[in-house]
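Observations on chain architecture
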Amino acid sequence: MTTTLYPVSSESVAWPGDSGGGLVKSFDARETIISQYANSPILLALLSSLDDAIDPQPAIDGFYDTIWNIDTAIGHGLDVLGRIVGVRRTLYLSEGPYLGFSQSSDAVPFGTGIFYGGGAITPNYQLTDAMYRQVILAKAALNITDGSSASINAILRSLFPGYGNVWVRDNGNMTMTFVFGAPLSKVDYAIVTQSGVLPRPVGVSFDVEQP
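None of these values were measured; they are calculated from a predicted model. (Residues numbered from 1 in each chain as written. Predicted model: local features only at pLDDT ≥ 70, side-chain atom pairs only at ≥ 80, totals over all residues. Heavy atoms only, no water.)

Scanning the chain for helices and strands turns up six helices and nine strands. Of all 211 residues assigned to the chain, the portion counted as buried reaches 29%. Of the contacts made within the chain by residues no fewer than 6 positions apart, 55% connect residues no fewer than 24 positions apart. (Helix = DSSP H or I, 4+ residues; strand = E, 2+ residues; numbered from the N terminus. Buried < 20%, exposed > 50% of the residue type's maximum accessible area, 1.4 Å probe, protein only. Contact = heavy atoms within 4.5 Å.)

Structure below.
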């Protein structure tokens, strides 16, 4: 009786992130074959086809890229990450102009603005993926920050790179001021005042200073 050995193609298998340069697979079907069937061409072909058909790696890669990786996540993935760190995508923007005081960035004085009637006239604004990603990163930084002025300034610079010099000022009377070198847009003002991503010690109130 003659035993014929059939050549079996082989490829190196590596785990994701491995520097070995092999094919990245989370599971290798060849490891399930007992030695007496290791050279069966029919069985190997069936297992290879089945492995290719149900290989979960593309789905795992897609999940990581669109849901779990903050740098590439989009849409629903960012919504999931936002819920994890505790920051919402929706902000509320006033349609004004309404009568108000200097502390508000979008209020106007007597003779120009009208009294706010208290109606439900404030629309929802959904942050874009790019803006929401920055807000999520800022909230993640807030969750681990030491609350120092240097840490707060770093978060401000990351969130608002296009507003010149931005920093926080300790007023020494249980208040603090976020200072911006250029006028904020309505969306960015809402991020500062509503999102809760900027560190603020307990019992300390804040206001916003801009040109």
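Don't stop here, the text continues.
For the rest of this paragraph, the subject is the environment of Pro211. Examined against the element boundaries, Pro211 turns out to sit in the segment after strand 9 (205-209). Spatially, the C-alpha atoms of Pro211 and Phe180 are 7.6 Å apart, while their sequence positions differ by 31 residues. In this structure, Pro211 is in contact with Phe180, Gly181, Ala182 and Pro183, ignoring residues within four places of it in sequence.

Buried residues dominate strand 8 (residues 175-180), accounting for five of its six residues. In the sheet, strand 7 (residues 166-170) pairs with strand 8 via five bridges, with the strands oriented antiparallel. Its bridge partner lying in strand 8, Trp167 is registered against Val179. In textbook terms, the turn of a hairpin is the stretch between consecutive antiparallel strands, and for strand 7 and strand 8 this stretch comprises four residues, one of which, Gly172, has a positive phi near 75°. Pairing analysis gives five bridges linking strand 8 to strand 9, with the strands arranged parallel. In the sheet register, Val179 faces strand 9, and the bridge partner there is Glu209. On the question of chirality, the crossover connecting strand 8 to the parallel strand 9 by way of helix 6 (residues 186-194) is right-handed. (Pairing = 2+ DSSP bridges. Right-handed = clockwise from strand over helix to strand, strands pointing away.)

Now for helix 6. Turning to helix 6, its buried residues are Val187, Asp188, Tyr189, Ala190, Ile191 and Val192. Turning to helix 6, the residues buried within the fold contact strand 3 (90-92), strand 6 (124-126), helix 4 (129-144), helix 5 (149-159), strand 8 and strand 9. Following helix 6 by one or two positions, Gly196 has its phi on the positive side, about 75°.

Attention shifts here to the confidence of the model for the chain. On average, residues of the chain carry a pLDDT of 77, and 73% of them reach 70 or more. Across the chain, element-level confidence peaks in helix 3 (residues 76-85) with a mean pLDDT of 93 and bottoms out in strand 1 (residues 13-14) with 44. Note on residues 1-19: pLDDT is under 50 here. Beyond four places in sequence and across chains, it has 26 contacts. (pLDDT = per-residue confidence, 0-100.)

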